[in-house]
Amino acid sequence: MAVKIRAYVIHLQRASNRQENVQKLKESLPVPTTIIPAIDSQTVTSAILEQYVQRQVHTPRYPFPLNTNEVACFLSHRAAWSAIVSDNVDAGLVLEDDALTTSDFIGAFDFARCAMREGHLIRFPHRDDCEDGTFLLRDGRYQLLEPVPVGLGMVAQLITRDAAIRLLAKTEQFDRPVDTFAQMYWITGVRPYSVRPSGIQEISAALGGSLLKQSKSLSAKFRHEILRPIYRRKIRSLSS
């Protein structure tokens, strides 16, 4: 039986400087593509925050409050997961609108499609040197890695329908950004794997910069620099 896969590109409609890249993505992807309208942080109300955000739910505790851009990003990925389920596909290739495919991507995608099993989430990291771990499978120049810890970023992932269902169930409320939540497979029940080389680049700098960052006070920046490595060490310890 043929595996039914659809691509979902998360795109913020008012980010007009990214529309050309979205069109390039649609033309370069090997499967039918749906554009998922990203949740606009300007529409994240106090009622939405109350519904979805709850501080310090999971261990290790996330030491920073979520900003509205991070909440909107998380909800945008949940919308993509919901589309995978409602479209009844076997898997969805979820990409952010600052992703760029390279000449390695078609081979990486075919390799991931063959390696994919029920419940899998297979990452296409935008940097091939950002993760360490155990290589589980090799096919020519492509490798499937079990990363420890799972890298950050949600630029591109192949997500099975079963994994999307689990992720939706575990994120009805959340306490940290979507990529840091996805690291915690002991909470989500979805163990991420990674393809190397991935054939994916992240080009937000060329498209006007990241849509996630918000300005911080000097004291907030200092606190972030102190607490971030402590948090990452805890994640690495739990990932081992």
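Residues numbered from 1 in each chain as written. Predicted model: local features only at pLDDT ≥ 70, side-chain atom pairs only at ≥ 80, totals over all residues. Heavy atoms only, no water.

**Focus on the state of the cysteines**
Alright, step 1. One pass over the structure, following the stated rule, counts 0 disulfides.
Alright, step 2. Cysteine 130 takes part in no disulfide bond, and the closest cysteine sulfur to it belongs to cysteine 73, at a distance of 17 Å.
Alright, step 3. Assessed through its relative accessible area of 32%, cysteine 130 is described here as partly exposed. (Disulfide = S-S within 2.5 Å. Buried < 20%, exposed > 50% of the residue type's maximum accessible area, 1.4 Å probe, protein only.)

**Focus on the sheet that holds strand β1 (residues 5-11)**
In sheet architecture, strand pairing relies on hydrogen bonds along the backbone and comes in two forms, parallel and antiparallel.
Alright, step 1. One open sheet accounts for 8 strands, arranged β2-β1-β3-β8-β5-β9-β7-β6; its pairing is mixed. Each edge of the open sheet is held by one strand with a lone partner, namely β2 (33-37) and β6 (133-139). Between one strand and the next, the sheet's axes are offset by a mean angle of 25°, whatever the strand orientation.
Alright, step 2. Helix α4 (residues 105-115) contacts β1, β3 (91-96), β5 (121-123), β6, β7 (142-147), β8 (156-160) and β9 (192-196) of the sheet and is inclined by roughly 60° relative to β7.
Alright, step 3. Most of the contacts of helix α5 (residues 161-170) go to β8, to which it runs at about 100°, and overall it touches β3, β5 and β8. (Pairing = 2+ DSSP bridges. Helix = DSSP H or I, 4+ residues; strand = E, 2+ residues; numbered from the N terminus. Axes fitted to C-alpha atoms, helices over the stretch in contact; angles between N-to-C directions. Contact = heavy atoms within 4.5 Å.)

**Considering the pattern of salt bridges**
Alright, step 1. Considering all chains together, one arrives at 11 salt bridges under this definition.
Alright, step 2. Note that arginine 14 and aspartate 40 form a salt bridge whose closest N and O atoms lie 2.7 Å from each other. With arginine 14 in the loop between β1 and α1 (19-28) and aspartate 40 in the loop between β2 and α2 (46-52), the pair connects residues that are 26 residues apart, well separated along the chain.
Alright, step 3. The salt bridge involving arginine 176 is made with aspartate 175; its shortest N-O contact spans 2.8 Å. As far as burial versus exposure is concerned, arginine 176 and aspartate 175 are alike and both buried.
Alright, step 4. Three or more residues joined by partner-sharing salt bridges are found here, namely Arg18, Asp97 and Asp98. (Salt bridge = Lys/Arg side-chain N within 4 Å of Asp/Glu carboxyl O.)

**Considerations on the packing of aromatic side chains**
Alright, step 1. For the structure on display, the rule yields 10 aromatic pairs.
Alright, step 2. Each ring, one from tyrosine 62 and one from tyrosine 231, has its centre 5.3 Å from the other, and the planes form 85°; the classification is edge-to-face. With tyrosine 62 in the loop between α2 and α3 (68-86) and tyrosine 231 in helix α8 (residues 218-239), the pair connects residues that are 169 residues apart, well separated along the chain. By the burial criterion, tyrosine 62 is buried, and tyrosine 231 matches it.
Alright, step 3. For the ring pair phenylalanine 105 and phenylalanine 124, a centre distance of 5.5 Å and an interplane angle of 55° mean the geometry is tilted. Here phenylalanine 124 lies in the loop between β5 and β6 and phenylalanine 105 lies in helix α4, a separation of 19 residues in the sequence. (Phe/Tyr/Trp six-rings, centres within 6.5 Å; stacked < 30°, edge-to-face > 60°.)

None of this, on its own, says anything about what the molecule does.
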